[in-house]
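# Architecture at a glance
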Amino acid sequence: MIAEYYEHVEEAEWHIHAIKEYMPGTPICASLAINADSDVHGVPTGECGVRLVKAGADVIGVNCHFDPFRCIEAVVKMRDAVKEAGLKCHFMVQPLGYWTPDASVQGFIDLPEFPFALEPR
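We now turn to the structure provided with this report. Residue numbers here run from 1 along each chain, matching the order of that chain's written sequence. Confidence filtering applies because this is a predicted model: local features only for residues at pLDDT of at least 70, side-chain atom pairs given and counted only at 80 or more, and all residues used for totals across whole chains, interfaces and linings. As a rule here, side-chain values cover all heavy atoms of the structure and leave hydrogens and water aside.

### Some thoughts on the pairing of strand β3 (residues 59-63)
Remember that side chains alternate between the two faces of the sheet whenever the strand is regular. Throughout, exposure labels follow a simple rule: accessible area from a 1.4 Å probe, protein chains only, divided by the maximum for the residue type, with under 20% read as buried, over 50% as exposed, and the rest as partly exposed. Labels follow the DSSP assignment, with helices taken as runs of H or I lasting at least four residues and strands as runs of E lasting at least two, numbered in each case from the N terminus. Counting buried positions over the five residues of β3 gives five, a clear majority of the element. Burial along β3 is two-sided: the face carrying Val-59, Gly-61 and Asn-63 and the face carrying Ile-60 and Val-62 are both buried. Two strands pair when backbone bridges link them, and strand β2 (residues 29-32) and β3 are joined in this way by four bridges, in the parallel orientation. Counted as the bridge partner of Ala-30 is Ile-60 from β3. Assessed by its sense of winding, the connection that carries the chain from β2 through helix α2 (residues 45-55) to β3 is right-handed. For two strands to be treated as a pair, DSSP must find at least two bridges joining them. Relative to strand β4 (residues 90-94), β3 runs parallel, the two being bridged by five bridges. Among the inter-strand pairings, Gly-61 is bridged to a residue of β4, identified as Met-92. In this region the chain leaves β3, passes through helix α3 (residues 68-84) and returns to the parallel neighbour β4; the handedness of that crossover is right-handed. Seen with its strands pointing away from the viewer, a crossover is right-handed if its path from the first strand over the helix to the second goes clockwise.

### Details of the packing of aromatic side chains
Pairing of aromatic rings covers Phe, Tyr and Trp, the last counted by its six-membered ring, and requires centre-to-centre distances within 6.5 Å; plane angles under 30 degrees mean stacked, over 60 mean edge-to-face, and any other angle means tilted. In the structure shown here, the tally under the stated rule is two aromatic pairs. Residues Phe-108 and Phe-114 carry aromatic rings whose centres are separated by 5.5 Å and whose planes lie at 70 degrees to one another, so their mutual orientation is edge-to-face. Phe-108 gets classed as buried once you look at its relative accessible area, which sits at 13%.

In structure tokens form, the structure reads like this:
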């Protein structure tokens, strides 16, 4: 089961708990739409990763608010924090297909070109 597109880690934790309760034994992939710094409530990206694994996710990562390089930067922080916490999981990245180096905490939806002129990026 894929639980994705959360900007707040707490929402993703709720979804993971619900999957574990109502679909026991189902592998869970959980990804957040956050940047390399934090979720939108200020929870550091590494801590978000640890919380997803502790909640029961088998695969964690980030998705679709940022470009490939910014997504990889975020997942590296998750990977390092998960490893430091002594936990194990798999990681995933589902980036946008265009660049967002100037995007703020909510990614591409904060860009001036959103929603009609993102293609040139």
